[in-house]
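Now for the letters of each chain:
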Amino acid sequence: MQARIVLLPGDGIGPEVVAQAQRVLDRVAAKFGHQFEFSTHAIGGCAIDEFGDPLPEQSLTACRAADAILLGAVGGPKWDDPNAKTRPEVGLLKIRKELGLFANLRPIQVLPQMAAASPLKQEIVAGTDILFFRELTGGLYFGKSGKETTAEGETAWNTMIYSTHEIERIVRMAGQAARGRRKKVTSVDKANVLEVSRLWRRVFERVMKDEFPDVEFENVLVDAMAMHLIARPTKFDVVVTENLFGDILTDEGSMLPGSMGLLPSASLGSSGPGLYEPIHGSAPDIAGQGIANPLATILASAMLLRHSLKLEAEAKAVEAAVDAVLSAGHRTKDLAAGGVSVTTAQMGDLVLAALN
Ligand code: IPM
Ligand code: MG
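**Comments concerning the site of ligand 1**
In the vicinity of ligand 1, the contacting residues are E89, L92, R96, R106, R134, Y141 and D247. The contact in question runs from an oxygen atom of ligand 1 to an N or O atom on the side chain of R96, over 2.7 Å. At 3.4 Å, a side-chain N or O of Y141 approaches an oxygen atom of ligand 1. A molecule is said to occupy a pocket when more than half its atoms come within 2 Å of that pocket's grid points, and by this definition ligand 1 occupies the second largest pocket. Broken down by element, the shell around ligand 1 gets its largest block of residues, 3 residues, from helix α4 (residues 88-98). Per-class residue counts for the shell around ligand 1 are 2 nonpolar, no polar and 5 charged. Residue assignment places the shell around ligand 1 across two domains, with domain 1 (1-111 + 260-356) and domain 2 (129-255) each supplying three or more.

As structure tokens, this is what we get:
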């Protein structure tokens, strides 16, 4: 197969981890007889520096024409000035919105060989296998917002808005995914307080009853979910929730396997290219040192192979290679607990070797 893949390395450790994932994709292409054509474009803080825009037009145009997009991370202290004209994060939100990437899949698995790396007790986290569906183009992040100054001082507001259609389409994706898994969907909301959550819950229940009678479902309030997620993570299969709740819960969930450095994500729309990225950020504190964990981005490239290129065997091969490297005891600094660690590039080498 021939595929055009756009790389958006971004800021901080983004370029370091994307470079390793690109090596892995190159090796997959060689091994399985595909042709992947890569082009690299700017997003985030580095794009602000170079073009004055966190998502320059030429980056967006290239992404629209691609089969899939692999992104590193955006942001850093250099661009954190609250009075700045724009921010790196604006680029990320804009590309999600422009490409209609409403479904953010964030799998959280605790591999048996990694359970000891979790800050939680092994017997609680072992066997965790959750697939989060975070709604990605609605809610508070994209609702009406504003600020005003009155005699009393300043006021600012954001609004959490969802419409039936936005809820239905993400719930359907979650329901379909559950069919290929353990057939259970948990929806997370705050229906005891928020009107928008009551709509979310009504639509969720209707879609599940009408279209997925074979899939079990439940509702959990977001505050309770924050607790259940660390108290009994193995209870959950597919979880579907709105944008902000999903942002927060998946960061919390990333601590189940012990490091954000292991977790990939896929952002998908109803058509067009998908966008794949690690769920960790740009980690400016360790950028440029060659110690970042590239496995989340390598696993994101496996999701890219699976979801955008429909190359299931290739995706499994990458995941198996990562598994093998971790089983053999190799760890980057984030997971080494002060013990022996390998560099970003060495971890890339190990995955390549395991792929052969
Ligand atoms: C994420 C990140 C982004 C988000 C930021 C960088 C805008 O935290 O992908 O989870 O909040 O969506
Ligand atoms: Mg986040």
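**Description of the environment of V185**
Examined against the element boundaries, V185 turns out to sit in strand β8 (residues 184-189). A C-alpha to C-alpha distance of 4.7 Å links V185 and F217, two positions 32 residues apart in sequence. If we ignore the near neighbours within four places in the chain, the residues touching V185 are A174, G175, A178, F204, M208, V215, E216, F217, E218, V238 and V240.

**What about the domain arrangement of the protein?**
According to the domain assignment, the protein contains domain 1 (1-111 + 260-356) and domain 2 (129-255). Relative to domain 2, the C-alpha centre of domain 1 lies at a distance of 25 Å. If you look at the interface, domain 1 gives 18 residues, while domain 2 gives 20 residues. If you look at where domain 1 meets domain 2, you find 0 salt bridges. Seen at the junction of domain 1 and domain 2, the total is 7 residue pairs in polar contact (both at pLDDT 80 or more). Broken down by secondary-structure element, the contributors of at least two residues to the side of domain 1 that touches domain 2 are α4, β4 (103-109) and β11 (264-268). Partitioning the side of domain 1 that touches domain 2 into residue classes produces 11 nonpolar, 4 polar and 3 charged.

**Observations regarding empty space enclosed by the protein**
Across all of its chains, the model carries 1 cavity of 30 Å³ or more by this definition. The dominant element in the lining of the largest cavity, judged by the number of residues it contributes, is helix α7 (residues 195-211), at 3 residues. Class assignment of the residues belonging to the lining of the largest cavity gives a composition of 5 nonpolar, 1 polar and 2 charged.

**Quick look at the packing of helix α1 (residues 14-32) against helix α12 (residues 344-355)**
Contact geometry for α1 and α12: axes closest at 10 Å, N-to-C directions at 15 degrees. Viewed along their axes, α1 and α12 adopt a mutual orientation that is roughly parallel. The chirality of how α1 crosses α12 is right-handed. Within the contact between the two elements, α1 uses E16, Q20, R23, V24, R27, V28 and K31 and α12 uses T344, A345, G348, D349, V351, L352 and L355. Considering only residue class, the contact of α1 with α12 consists of 6 nonpolar, 3 polar and 5 charged.

Calculation notes
Residues numbered from 1 in each chain as written. Chains lettered and ligands numbered in written order. Predicted model: local features only at pLDDT ≥ 70, side-chain atom pairs only at ≥ 80, totals over all residues. Heavy atoms only, no water. Near = heavy atom within 4 Å. Polar contact = N/O pair within 3.5 Å; in protein donor to acceptor, adjacent residues only side chain to side chain. 1 Å grid on protein atoms, 1.4 Å probe; cavity = no way out; pocket = protein on both sides within 12 Å on 5 of 7 lines; lining within 4 Å. Sits in = over half its atoms within 2 Å of the grid points. Helix = DSSP H or I, 4+ residues; strand = E, 2+ residues; numbered from the N terminus. Nonpolar A, V, L, I, M, F, W, Y, C, P; charged D, E, K, R; others polar. Domains from an automatic or database assignment. Contact = heavy atoms within 4.5 Å. Salt bridge = Lys/Arg side-chain N within 4 Å of Asp/Glu carboxyl O. Points joined across faces, edges and corners; volume = space filled by probe spheres on them. Axes fitted to C-alpha atoms, helices over the stretch in contact; angles between N-to-C directions. Parallel < 35°, antiparallel > 145°, perpendicular 65-115°, else oblique. Left-handed = near helix turned anticlockwise from the far one by under 90°.

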